[in-house]
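Examining the three-dimensional arrangement
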Amino acid sequence: MLALVSLFDALVGAVRLVSRWAARLIGLLLLAVVAMVILEVVSRKLLGRSFEGVQETAGYVLAVLSAWGLSHTLVERAHIRIDVGYSKLPSAARAALDLLSILAVNLVGWMIVIHAWPVFSGSLSNHTTANTPLSTPLWIPQLVWVLGYTWFALAAAVLAIRALLAAAGGDSATIRKLIGMGHEADPLESAPFEINELEARAHDNAAPGGKS
């Protein structure tokens, strides 16, 4: 059991590392697209010339961004979740809801992967090209796109298995750390902020001329 937990701890670390660097790379590509759009607008206004393929390239980058950004958002617990009543529940109930949410994410992720790979395969086998001036072979952007969704599904599976192992061992703290709601919803995670505030008040009271 301990060996399995250690293995998935290492896998979670690897998923977090790869997802972080993928997000950084996609961010750089997005900045490059922004620069291309600005240059294209300036050229069209001042020189009367327009660059071909800027809008097409921007569309590909946004599609890739949406796919590869999901895994980074997942491991950083940045997805939007409805927390009405969540913080009022006992720890066991919150852990159960967290497990239910990561299982639902797995269902959605793997359903996307199952339907995305045939799209890529069809474009590759049919030699489909974009109906644009660049005539881009669609399998090229679709490959990067489908790999992003596949990585997201794998990341969700690793987190789910690690969370289930934590649940089997009664480790609710690990469940909260991996797939919990975050600082605002969890009083345990907001505790350091409350401690800092108490320390600041104590310092003010101890200072000369402070409150008595």
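It should be emphasised that the depicted structure is a prediction, and the values quoted were computed from it without experimental measurement.

For the pair helix H1 (residues 2-46) and helix H4 (residues 139-168), the least separation of the axes is 10 Å and the interaxial angle reads 145 degrees. Crossing of H1 against H4: the hand is left-handed. From H1, Leu4, Val5, Phe8, Asp9, Leu11, Val12, Val15, Val18 and Ser19 reach across to H4, where they touch Trp151, Ala155, Val158, Leu159, Ile161, Arg162 and Leu165. Along the lines of polarity and charge, the residues of the contact of H1 with H4 split into 13 nonpolar, 1 polar and 2 charged.

A few words now on H4. An ideal rise of 1.5 Å per residue puts 44 Å on 30 residues; H4 measures up with 42 Å between its terminal C-alpha atoms. At the C-terminal side of H4, Gly170 shows a positive phi close to 70 degrees.

A separate point is the pattern of salt bridges. Taken as a whole and judged by the stated rule, the model has 3 salt bridges. Where Arg20 meets Glu76, a salt bridge forms, and the shortest distance between an N and an O atom there is 3.9 Å. With Arg20 in helix H1 and Glu76 in the loop between helix H2 (54-75) and helix H3 (91-126), the pair connects residues that are 56 residues apart, well separated along the chain. Using a relative accessible area of 27% as the deciding quantity, one classes Arg20 as partly exposed.

Parameters at a glance
- Residues numbered from 1 in each chain as written.
- Predicted model: local features only at pLDDT ≥ 70, side-chain atom pairs only at ≥ 80, totals over all residues.
- Heavy atoms only, no water.
- Axes fitted to C-alpha atoms, helices over the stretch in contact; angles between N-to-C directions.
- Helix = DSSP H or I, 4+ residues; strand = E, 2+ residues; numbered from the N terminus.
- Left-handed = near helix turned anticlockwise from the far one by under 90°.
- Contact = heavy atoms within 4.5 Å.
- Nonpolar A, V, L, I, M, F, W, Y, C, P; charged D, E, K, R; others polar.
- Expected span 1.5 Å × (residues − 1).
- Salt bridge = Lys/Arg side-chain N within 4 Å of Asp/Glu carboxyl O.
- Buried < 20%, exposed > 50% of the residue type's maximum accessible area, 1.4 Å probe, protein only.

Limitation: the analysis is restricted to geometry and does not speak to function.
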